[in-house]
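# Analysis of the macromolecular model
Here is how the chains run, residue by residue.
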Amino acid sequence: MDALPPRGESELPTDILGAARDGLAAVRVRRPRIHCITNTVAQAFTANALLALGAVPSMTTAPDEIAAFAGGADGLLVNLGTLEPERRAVIRTAIEAASAAGRPFLLDPVFIDRSAGRAAFARDLAALGPAAIRGNGAEIAVLDTDADALALRLGTVVAATGETDLVTDGRRLAAVANGHPLMARVTAMGCAGAAITTAFIAVGEDAFTATAAAMVVLGIAGERAAETARGPGSFASAYLDALYALEADDIAARARVTSPSQGEAS
Amino acid sequence: MDALPPRGESELPTDILGAARDGLAAVRVRRPRIHCITNTVAQAFTANALLALGAVPSMTTAPDEIAAFAGGADGLLVNLGTLEPERRAVIRTAIEAASAAGRPFLLDPVFIDRSAGRAAFARDLAALGPAAIRGNGAEIAVLDTDADALALRLGTVVAATGETDLVTDGRRLAAVANGHPLMARVTAMGCAGAAITTAFIAVGEDAFTATAAAMVVLGIAGERAAETARGPGSFASAYLDALYALEADDIAARARVTSPSQGEAS
Amino acid sequence: MDALPPRGESELPTDILGAARDGLAAVRVRRPRIHCITNTVAQAFTANALLALGAVPSMTTAPDEIAAFAGGADGLLVNLGTLEPERRAVIRTAIEAASAAGRPFLLDPVFIDRSAGRAAFARDLAALGPAAIRGNGAEIAVLDTDADALALRLGTVVAATGETDLVTDGRRLAAVANGHPLMARVTAMGCAGAAITTAFIAVGEDAFTATAAAMVVLGIAGERAAETARGPGSFASAYLDALYALEADDIAARARVTSPSQGEAS
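Computed from a predicted model, the values in this text were never measured in an experiment.

## Describing the overall build of chain A
Within chain A, the regular secondary structure consists of eleven helices and nine strands. Radius of gyration (C-alpha) of chain A: 17 Å, near the 18 Å computed for a compact globule of 266 residues. Split into buried and exposed, the 266 residues of chain A put 62% on the buried side. A separation threshold of at least 6 residues defines the contact pool for chain A, and within that pool the share at least 24 residues apart is 71%. For chain A, the computed accessible surface area is about 9100 Å², with 51% contributed by carbon and sulfur atoms. A distance of 4 Å separates the average location of the 22 positive side-chain charges in chain A from that of its 30 negative side-chain charges.

## A few points about the relation of the copies chain B and chain A
Of the two same-sequence chains, chain B is brought onto chain A (RMSD 0.0 Å, axial shift 0.0 Å) by a rotation of 120°. Put plainly, the chains are arranged around a three-fold axis. Relative to the rotation axis, the C-alpha of threonine 40 of chain B is the closest in chain B, positioned 3.7 Å from it. In this assembly, only 12% of the residues forming the interface of chain B have copies in chain A that are likewise at the interface, indicating a heterologous arrangement.

## Considerations on the packing of helix α9 (residues 207-228) of chain C against helix α10 (residues 232-245) of chain C
Residue and element names in this part refer to chain C. Between α9 and α10, whose axes approach to 8 Å, the crossing angle comes to 125°. On the basis of their axis angle, the class for α9 and α10 is oblique. Judged by the twist between their axes, the crossing of α9 over α10 is right-handed. Note on element contacts: α10 touches α9 through Phe235, Ala238, Tyr239, Ala242, Leu243 and Ala245, opposite Val217, Leu218, Ala221, Gly222, Arg224, Ala225, Ala226 and Thr228. Residue classes in the contact of α9 with α10 are distributed as eleven nonpolar, two polar and one charged.

## Focus on the sheet that holds strand β2 (residues 56-58) of chain A
Residue and element names in this part refer to chain A. Judged by pairing direction, the sheet is mixed, and its nine strands sit side by side in the order β2-β1-β3-β4-β5-β6-β7-β8-β9 without closing on themselves. Of all the strands in the sheet, the pair left with one neighbour each is β2 and β9 (257-258). Bridge count for strand β3 (residues 75-79) against strand β4 (residues 105-108) is four bridges, and the pairing is parallel. From the neighbouring strand, leucine 76 faces β4, where its bridge partner is phenylalanine 105. Strands β1 (33-37), β3 and β4 of the sheet are contacted by helix α4 (residues 85-100), whose axis makes an angle of about 155° with β3.

## Some thoughts on helix α9 (residues 207-228) of chain B
Spanning 22 residues, α9 of chain B covers 32 Å between terminal C-alpha atoms, matching the ideal 32 Å at 1.5 Å per step. Counting buried residues along α9 of chain B, 17 of its 22 residues qualify, which places the element largely inside the surrounding structure.

## Focus: the interface of chain A and chain C
Each partner contributes to the interface: chain A provides 24 residues, whereas chain C provides 25 residues. Contact with chain C buries surface across chain A, with Val41, Arg114 and Arg185 of chain A losing the most and accounting together for 30% of the total. Taken together, chain A and chain C are joined by two salt bridges. Notably, a salt bridge pairs arginine 118 of chain A with glutamate 65 of chain C, separated by 2.4 Å at the nearest N-O pair. For the pair chain A and chain C, the interface holds eleven residue pairs in polar contact (both at pLDDT 80 or more). If you list the elements that add at least two residues to the side of chain A that touches chain C, you get α4, α5 (116-126) and α10 (232-245) of chain A. Among the elements that make up the side of chain A that touches chain C, the one with the highest residue count is α10 of chain A (four residues).

## Digging into the interface of chain B and chain A
Each partner contributes to the interface: chain B provides 24 residues, whereas chain A provides 25 residues. Of the roughly 1900 Å² buried where chain B meets chain A, counting both sides, 55% is carbon and sulfur surface. Three residues, Val41, Arg114 and Arg185 of chain B, lead the burial of chain B against chain A; their summed loss comes to 29% of the area buried on that side. Put simply, arginine 88 of chain B and aspartate 64 of chain A hold a salt bridge, and the shortest N to O gap is 4.0 Å. Among the elements of the structure, α4 (85-100), α5 (116-126) and α10 (232-245) of chain B are those that each provide at least two residues to the side of chain B that touches chain A.

## Thoughts on the relation of the copies chain A and chain C
Least-squares fitting of chain A to chain C yields an RMSD of 0.0 Å, with the transformation described by 0.0 Å of translation along the axis and a rotation of 120°. Take the interface residues of chain A: only 12% of them recur as interface residues in chain C, which is what a contact between different surfaces looks like.

## Concerning helix α5 (residues 116-126) of chain C
Taken as a whole, α5 of chain C has its buried residues at Arg118, Ala119, Phe121, Ala122, Leu125 and Ala126 of chain C. All buried residues of α5 of chain C project into a common sector of 165° when viewed along the axis, lining one side.

## Points about the UniProt feature "binding site: ATP" (unreviewed entry) in chain A
All names here are of chain A. UniProt's entry tags Arg134 and Thr161 with the feature "binding site: ATP" (unreviewed entry), counted in the numbering of this structure. A maximum C-alpha distance of 7.2 Å places the annotated residues, which cover 28 residues in sequence, within one compact spot. Topologically, arginine 134 is positioned in strand β5 (residues 132-136). Position of threonine 161 relative to the elements: it lies in strand β6 (residues 157-161). Ignoring anything within four residues of it in the chain, the contact list for threonine 161 reads Arg134, Gly135, Asn136, Gly137 and Met215.

## Quick look at the packing of aromatic side chains
Considering all chains together, one arrives at nine aromatic pairs over all chains under this definition. Ring geometry for phenylalanine 69 of chain B versus phenylalanine 111 of chain C: centroids 5.9 Å apart, planes at 45°, classification tilted. Separated into two different chains, phenylalanine 69 of chain B in helix α3 (residues 66-72) and phenylalanine 111 of chain C in the loop between β4 (105-108) and α5 make up a pair that spans both. Residue phenylalanine 111 of chain C is classed as partly exposed on the basis of its relative accessible area of 21%. Among the aromatic residues, those joined into a cluster by ring pairs are Phe45, Phe235 and Tyr239 of chain A. A cation over a ring is seen here: arginine 114 of chain A above phenylalanine 111 of chain A, with NZ or CZ 4.1 Å from the ring centre.

## Let's talk about the UniProt feature "binding site: substrate" (unreviewed entry) in chain A
When the UniProt feature table is mapped onto this chain numbering, "binding site: substrate" (unreviewed entry) sits at Met59 and Ala188 of chain A. Once you skip the residues sitting within four places of it in the chain, methionine 59 of chain A turns out to touch His35, Cys36, Thr38, Gln43, Thr46 and Ala47 of chain A together with Val41 and Thr82 of chain B. Checked against the element boundaries, alanine 188 of chain A lands in the loop between β8 (173-176) and α8 (189-203). Among all residues touching alanine 188 of chain A, those that are not within four sequence positions of it are Ala42 and Phe45 of chain A.

## A word on the side chain of arginine 33 of chain A
With respect to the helices and strands, arginine 33 of chain A occurs in strand β1. Aspartate 74 of chain A provides the closest opposite charge to the buried, salt-bridge-free arginine 33 of chain A, at an N-O distance of 6.1 Å. A polar side-chain atom of arginine 33 of chain A sits 3.2 Å from the main-chain carbonyl oxygen of phenylalanine 69 of chain A. Dropping the residues within four chain positions of it, arginine 33 of chain A is found in contact with Val56, Ser58, Phe69, Gly72, Ala73, Asp74 and Gly75 of chain A together with Arg114 of chain B.

## Here we look at unusual backbone geometry
Residues and elements named next belong to chain A. In this structure, threonine 82 takes a positive phi of about 35° despite not being glycine. Here threonine 82 is to be found in the loop between β3 and α4. With a relative accessible area of 8%, threonine 82 lands in the buried category.

## Digging into the pairing of strand β6 (residues 157-161) of chain C
Residue and element names in this part refer to chain C. The buried fraction of β6 is high, at four of five residues. Across five bridges, strand β5 (residues 132-136) lies against β6 in parallel orientation. Bridge pairing in β6 places isoleucine 133 opposite valine 158. Hairpin connection, β6 to strand β7 (residues 165-168): the antiparallel pair is bridged by three residues.

Reading the values: the criteria
As a convention, each chain's residues are numbered from 1 in the sequence order in which they are written. As a convention, the first chain written is A and the first ligand written is 1, with the rest following in written order. With pLDDT at 70 or above as the cut-off, local features in this predicted model cover only qualifying residues; side-chain atom pairs require 80 or more to be listed or tallied, and sums for whole chains, interfaces and linings still use all residues. Side-chain figures throughout are based on the complete set of non-hydrogen atoms in the structure, without hydrogens or water. Only DSSP runs of H or I reaching four residues or more are called helices, and only runs of E reaching two or more are called strands; each is numbered from the N terminus. When we talk radius of gyration, it's over C-alpha atoms, and the globule rule is simply 2.2 Å times the number of residues to the 0.38. Only protein chains enter the accessibility calculation, which uses a 1.4 Å probe; a residue is then buried when its area is under 20% of its type maximum, exposed when over 50%, and partly exposed in between. By the convention used here, residues are in contact when the closest approach between their heavy atoms is within 4.5 Å. Surface accessibility in these figures is a Shrake-Rupley result with a 1.4 Å probe; residues are shielded only by whichever protein chains are displayed. Only four residue types enter the tally: Lys and Arg on the positive side, Asp and Glu on the negative side, with His and both chain ends excluded. Every charge is mapped onto a representative atom, which is NZ of Lys, CZ of Arg, CG of Asp or CD of Glu. Here the copies are matched by least squares. The fit uses the C-alpha atoms of residues with pLDDT of at least 70 in both. Only the stretch in contact is used when a helix axis is fitted, and all axes are lines through C-alpha atoms; the angle between N-to-C directions ranges over 0 to 180 degrees. Each angle gets one of four labels, with under 35 degrees taken as roughly parallel, over 145 as roughly antiparallel, 65 to 115 as roughly perpendicular, and the rest as oblique. By convention the crossing between two helices is left-handed if the near helix lies anticlockwise of the far one by an angle smaller than a right angle, and right-handed if it lies clockwise. Note on residue classes: Ala, Val, Leu, Ile, Met, Phe, Trp, Tyr, Cys and Pro are nonpolar, Asp, Glu, Lys and Arg are charged, and everything else, Gly too, is polar. Two strands qualify as a pair provided that DSSP identifies no fewer than 2 bridges between them. A helix's residues, less one, multiplied by 1.5 Å, set its expected span. Buried area adds together the accessible area that both of two parts lose upon being put together, with accessible area traced by a 1.4 Å probe. For this analysis, a salt bridge means a side-chain nitrogen from Lys or Arg found within 4 Å of a carboxyl oxygen belonging to Asp or Glu. For the purposes of these results, a polar contact is taken to be a pair of N or O atoms within 3.5 Å, where, inside protein, one atom must be able to donate a hydrogen and its partner to accept one; residues adjacent in sequence count only when each atom of the pair is a side-chain atom. To obtain the arc, one takes the directions from the helix axis to the C-beta atoms. UniProt positions are given in the numbering used here, feature names are shortened, and annotations may be inferred rather than shown by experiment. Aromatic rings from Phe, Tyr and Trp, with only the six-membered ring used for Trp, were paired whenever their centres fell within 6.5 Å, and each pair was classed as stacked if the ring planes differed by under 30 degrees, edge-to-face if by over 60, and tilted otherwise. A positively charged side chain is recorded as over a ring if its NZ (Lys) or CZ (Arg) lies within 6 Å of the ring centre. The angle to the ring normal must also be within 35 degrees.

What follows is the structure in structure tokens.
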């Protein structure tokens, strides 16, 4: 294994804040189409989150259509939630089509800690070159000893979500402390976040900074939404409103991202 | 082909305003049941839009149930979004059951411009006698040279949606300028609109005026919703509220519908 | 058949109010996981209702996963809406896994009055020992002559929903008058209510009082939501907010539950 540069010596938080601002602008201007193979619980909120931000969702899993839709998209989300056989059967085809077209895919291995079949499938998919893998700690732990090890082994970016989101490519590490507890009270919040992360990767230059930038944007949208919400119902609406209305100034004012040896960026 | 009467000589906008007012009242009183074969992304919002207006949704695609549900409904919506094989397989049965019962069906050929398989299937379904076909310009263009030609060839009504919605039966034409840009930022807005159009056709006397009337009502609901919305999340809620609360006065005050040789109706 | 004790002599409403307060607290503290086999129209709202209350939803119907998810959950909801063959095929496996683990299941026989196939299937499932069956009058009537007869025959609890919800185990009867007409204008409101009832049964000691308590809580949440709603869109959001914010004081102040020979409890 290569020697790793010491962490924290880069201008990391500044890079990430810049990537958040630029990514937000780029998604709104370029309107990337993100093809989402995702569970039926999450489909509508995921589509609405992408639309609110300025991206364009597509969601078919029909076998005769999947290659054209995934290959023609700007990015591909593969979410393993409620993994019905029909959806499972088209995932490889979609990844191959996206990869052949030079498009990134993001793997969201939902609940692989509760399902041995999903875990084995997720391991196979992880070997196909995802630009990023996003999961909570329990899900990441199924794939490798920790997020760093997983990222280094596969040459990918890993986002381990939680109260603080950790993003690593095995060499660089960012900790994003933005967010709000009500985000855990709305279904598909994580799935939609993974779709938006895919959009940031699709328009970004570097998957690590794009992924960390997306975590910042998602967390800040949650904080803004919580300011007007009276509970999880109004929070979900306000979250979409916040994704739509978020400005570069919000990012500068609210971002809480650190690297291990640096202070907060703001 | 028959000679066509010159366009614009009818009392078209007045007819459409009357159809919008009467259709709104009739849906609320008669509560038509609309069976929707639609994609899983759109199901919940479509059901909520129908319920908000006063109609009753049903949505099964189970092979052993589809004929009873479609044949017993007051109208049938066939939406080709995310066209999984299981859903595709029951569409003909549903159309045959609705047609045998004398009920109208509306075809919404979602994304047939991006999928050759869907396009071929949509051409077959279009030949089965839809009361109306609703699509954007790119989707309509897959089916014929233009909306007029398609309407005339099939003896149907075509609604080509866009910033201005055009409705034609090949002899009559209406242009509906109501609506709001936030409608494009909420998933299933078009799918739900097609379901509501089906409800207007189900309770109306003439598919052309009913379709144009539905476009007016949908656009006005969008304008009302935008008055209180802070973004696409609150807009989606406010849109359902507007469908529920819309009054004849709103239609009279806000409708912007023209025929080629006439001025605005209001 | 055993002689029945005279109805109304128990301290029924007080028991139910206590069960409502205690159930609300227990769901929030113990966070039961409820596995929901439910239709795709209802999935997202059902998940959001469970999360708003403090429970945890899971929803897979994949054949290789269903036993692990249903058997590991604290309760199982079986909803027969839009009963696709793939979903239908796993229901018995799920019930067997839940039963083997000593977990309750609730049967929601949606639209069995409109589908002979669903009715036959529902009869089979009803014989597998549900802790409760929830349906409207027309659905219950398909299963037996009335709710009391059904409850006695199967040794289960039956909730017959309507303007007033009736809950019976054949010996005890409760009538819950809480609720609001806007609840009928939001799709999946009943399905989500059935999921929440399953959560109350999962944390409760007695399925009858838990079911009646859930009806009280659901109705009061609807009443609170209606106070701020401007229509069914804002109502749906406010309903989730109300489930999240509901306090024991709300239950004491608003509950309208009676047994036949007693007055209102409050």
